[in-house]
Amino acid sequence: MFEKSTWIRLPRNVVVGHGVIDQVVDVIDDLHLQGRPLFVTSPTPREVAAEPIVAAFEATGVEPAIVTIETATFDAVERVIETAEAEDVSYLVGIGGGKAIDIAKMASYHLEMGFCSVPTAASHDGIVSNRGSVPDGDSRHSVAAEPPLAVIADTEILADAPWELTTAGCADIISNYTAVMDWRLAHRLKNVEYSEYAAALSEMTAEILVDNADLIRPGLEESAWVVTKALMSSGVAMSIAGSSRPASGAEHLFSHQLDRIAPEAALHGHQVGVGSIMTAYLHGGERGIWRDIRDALASIDAPTTAAELGIDDETVIEALTTCHEIRDRYTILGDGMNERAAREVATKTGVIN
Ligand SMILES: NC(=O)C1=CN([C@@H]2O[C@H](COP(=O)(O)OP(=O)(O)OC[C@H]3O[C@@H](n4cnc5c(N)ncnc54)[C@H](OP(=O)(O)O)[C@@H]3O)[C@@H](O)[C@H]2O)C=CC1
Ligand SMILES: O=C(CO)COP(=O)(O)O
Ligand SMILES: [Zn+2]
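Residues numbered from 1 in each chain as written. Chains lettered and ligands numbered in written order. Predicted model: local features only at pLDDT ≥ 70, side-chain atom pairs only at ≥ 80, totals over all residues. Heavy atoms only, no water.

1. Topic: helix 14 (residues 313–322)
Definition in use: Here the term buried applies to any residue with accessible area under 20% of the maximum for its type, exposed to any over 50%, and partly exposed to those in between, with areas from a 1.4 Å probe on protein chains only. What counts as a helix is a DSSP run of H or I of at least four residues, what counts as a strand is a run of E of at least two, and both are numbered from the N terminus.
Of all 10 residues that make up helix 14, seven are buried, and the element is covered over most of its length. Within helix 14 the residues assigned to the buried category are T315, V316, I317, A319, L320, T321 and T322.

2. Topic: the site of ligand 2
The condition is simple: We call a residue near a molecule or strand when any one of its heavy atoms sits within 4 Å of it. What qualifies as a polar contact is a pair of N or O atoms within 3.5 Å, subject to a donor-acceptor requirement within protein and to the restriction that residues adjacent in sequence count only when both atoms come from side chains. The method behind every accessible area is Shrake-Rupley, applied with a 1.4 Å probe, and residues are considered shielded solely by the protein chains displayed. Note on residue classes: Ala, Val, Leu, Ile, Met, Phe, Trp, Tyr, Cys and Pro are nonpolar, Asp, Glu, Lys and Arg are charged, and everything else, Gly too, is polar.
Contacts to ligand 2 come from D125, H141, S142, D172, S244, A247, S248, H252, H256, H268 and R327. Between ligand 2 and S244 there is a distance of 2.6 Å, counted from an oxygen atom to a side-chain nitrogen or oxygen. For ligand 2, an oxygen atom lies 3.0 Å from a polar atom in the side chain of H268. Coverage of ligand 2 by the protein chains reaches 94% of its 310 Å² of free accessible surface. Tallied by class, the residues present in the shell around ligand 2 amount to one nonpolar, seven polar and three charged.

3. Considerations on the sheet that holds strand 1 (residues 13–17)
Selection rule: Any two strands with at least two DSSP-identified bridges between them are counted as paired. Simply put, an axis is a line fit to the C-alpha atoms, just over the touching stretch for a helix, and the angle between two N-to-C directions goes from 0 to 180 degrees. Residue contacts follow a heavy-atom distance rule, with two residues in contact if any of their heavy atoms lie within 4.5 Å.
Ordered by their spatial adjacency, six strands build an open sheet running 1-8-5-4-2-3, and the pairing between neighbours is parallel. Of all strands in the sheet, those bounded by a partner on one side alone are strand 1 and strand 3 (65–68). For this sheet, the mean inter-axis angle between neighbouring strands, taken without regard to orientation, is 15°. By the bridge criterion, five bridges tie strand 1 to strand 8 (residues 150–154) in an arrangement that is parallel. Note that in strand 8 the partner of G17 across the bridge is D154. Packed onto the sheet, helix 9 (residues 221–241) meets strand 1 and strand 8 and runs at close to 165° relative to strand 1.

4. Things to note about the confidence of the model for the protein
Our working definition: Think of pLDDT as the predictor's per-residue confidence, scored from 0 to 100.
Summing up the model confidence of the protein, the mean pLDDT is 96 and the portion of residues at 70 or higher is 100%. In the model output, the complex is listed with pTM 0.97 alongside ipTM 0.98.

5. Describing the coordination of the zinc ion (ligand 3)
The condition that has to hold: Any N, O or S atom lying within 2.8 Å of the metal counts as a donor, with the limit raised to 3.2 Å for Na, K and Ca; because water is left out of the atom set, some sites can appear incomplete. Tetrahedral means four donors with every angle between 85 and 135 degrees, whereas square planar (four donors) and octahedral (six donors) require angles over 155 degrees between opposite donors and between 65 and 115 for all others; sites fitting neither are termed irregular.
Donor atoms from the polypeptide that coordinate the zinc ion (ligand 3) comprise D172 (OD), D172 (OD), H252 (NE2) and H268 (NE2), at 2.1 to 2.7 Å from the metal. Metal-centred angles of 51 to 166° between the six donor atoms at the zinc ion (ligand 3) mark the site as irregular. Sequence positions of the residues that donate to the zinc ion (ligand 3) give the spacing D-x79-H-x15-H. Residue D172 is located in helix 6 (residues 163–174), and its partner H252 is located in helix 10 (residues 250–261); the two are separated by 80 residues in the primary sequence.

6. What to know about the UniProt feature "binding site: substrate" (unreviewed entry) in the protein
To keep things clear, this is the line we draw: UniProt positions are given in the numbering used here, feature names are shortened, and annotations may be inferred rather than shown by experiment.
As recorded in UniProt, the feature "binding site: substrate" (unreviewed entry) lies at D125, D172 and H256. Structurally, the position occupied by D125 is in the loop between strand 5 (114–119) and strand 6 (131–132). Its relative accessible area of 7% is what places D125 among the buried residues. Ignoring anything within four residues of it in the chain, the contact list for D125 reads D172, N176, L231, S234, G235, M238 and A247. The residues touching D172, leaving out its near neighbours within four places in the chain, are H124, D125, H252, H268, G269 and V272.

7. So, a negative patch on the surface
To keep things clear, this is the line we draw: Residues enter a patch when their relative accessible area is above 30% and they make no salt bridge; the linking distance is 9 Å between like charges and 5 Å between nonpolar side chains (Val, Leu, Ile, Met, Phe, Trp, Tyr). Just to be clear on terms, a salt bridge is a Lys or Arg side-chain nitrogen sitting within 4 Å of an Asp or Glu carboxyl oxygen. Just so you know, the count uses Lys and Arg for positive and Asp and Glu for negative, and it drops His and the chain ends. Taken as the charge location is NZ of Lys, CZ of Arg, CG of Asp or CD of Glu.
Judged by side-chain charge, D75, E78, E82 and E85 come together as a negatively charged surface patch. On the secondary structure map, E85 appears in helix 3 (residues 74–86).

8. Points about the UniProt feature "binding site: Zn(2+)" (unreviewed entry) in the protein
UniProt feature "binding site: Zn(2+)" (unreviewed entry): in the numbering of this structure it lies at D172, H252 and H268. Sequence-wise these annotated residues cover 97 residues; spatially they are packed, their C-alpha atoms never more than 9.2 Å apart. For H252, a relative accessible area of 6% gives the class buried. For H252, the contacting residues outside a window of four places in its chain are D172, S175, A247, H268 and V272. At a separation of 2.6 Å, a polar atom in the side chain of H252 contacts the side chain of E251. Relative to the elements of secondary structure, H268 occurs in helix 11 (residues 268–284). H268 sits in the partly exposed class, given a relative accessible area of 24%. Setting aside residues no more than four positions away along its own chain, H268 makes contact with H124, D172, H252, S255 and H256. Within the local environment of H268, its side chain forms a polar contact with the side chain of D172, the two groups lying 3.4 Å apart.

And the structure:
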């Protein structure tokens, strides 16, 4: 008997473009979400986007509740859950960068309420995905969370955000190349569940982004458009796979370990980009695609070295030689690199001197 089944949860409405923040009320009406929303935001996005959206809702007679979070922690998730219950809300809207959106989607998952995503920075594909990540002891990788019913991405706001956030989003997408290489390897060697559709979609987002790298320039709304569409597709690939596998391999293990041993050193996307240069070398050696990945990152102003990440060489080696231990996820790192091998790959790729 054929027993395979899959349940794919995708956003119902995806709205991207200039000034679409003015359509949040209509997009949410279209979802037939009733009652009072709780807006989860952080300080800068509150000014940039949440306040205008509050005004638009109040003009319809709905008074949103709003909570501003400073850092992504389980305490912040708890605070949002308590506020949602105290304010008798019926759905949540995350308005901000990764931390506001992650906290909102994780609280929604717990509350079993609908969640909508209004990104104010195109900083990584978590703004669209069904994954949320907050530090949990030594763990830094994402966990299952509520996928957005709708994503409203205003390219005017995204283009005005700090350029480094957009280049981090680009680097997160470029790292899909090595994430998929690791996923295929794990499927072949360890029979890990694999979706060719999710893998192809994830690789395609990286290819389209790299092909359009010359369009990606500071302050250009066209750049925000290209990057946001890629982030959407990457988030959809994760929803199809039901995991972050299409977008997270050894390069993400490297970044998560950096988050633990050198907190706040660099943006997520920038860290995974540098990790991807090195894991591409591990996959393909001198003739592999590591130079293409390095050059693509450089072409969109993303870091390609430890120095550009603001991280010292020894921290890179420590992260490389230990990051295989942090998650039950098979990658090209196998059962771990020794220090000599780590120094070799980091030096050969120019990540360290
Ligand atoms: N779910 C997932 O798959 C993933 C989740 N993450 C998580 O996402 C977070 C990192 O995402 P990131 O977006 O960098 O984090 P933040 O939400 O902290 O945003 C980064 C910075 O940009 C500011 N900002 C946001 N939007 C604007 C804007 N339009 N104009 C000016 N400044 C702006 C924020 O302001 P302010 O300080 O006021 O908030 C903050 O200082 C981490 O918590 C990480 O764990 C990371 C990768 C993947
Ligand atoms: O950052 C992500 C995808 O880009 C999420 O991956 P993780 O599951 O490794 O946190
Ligand atoms: Zn990522």
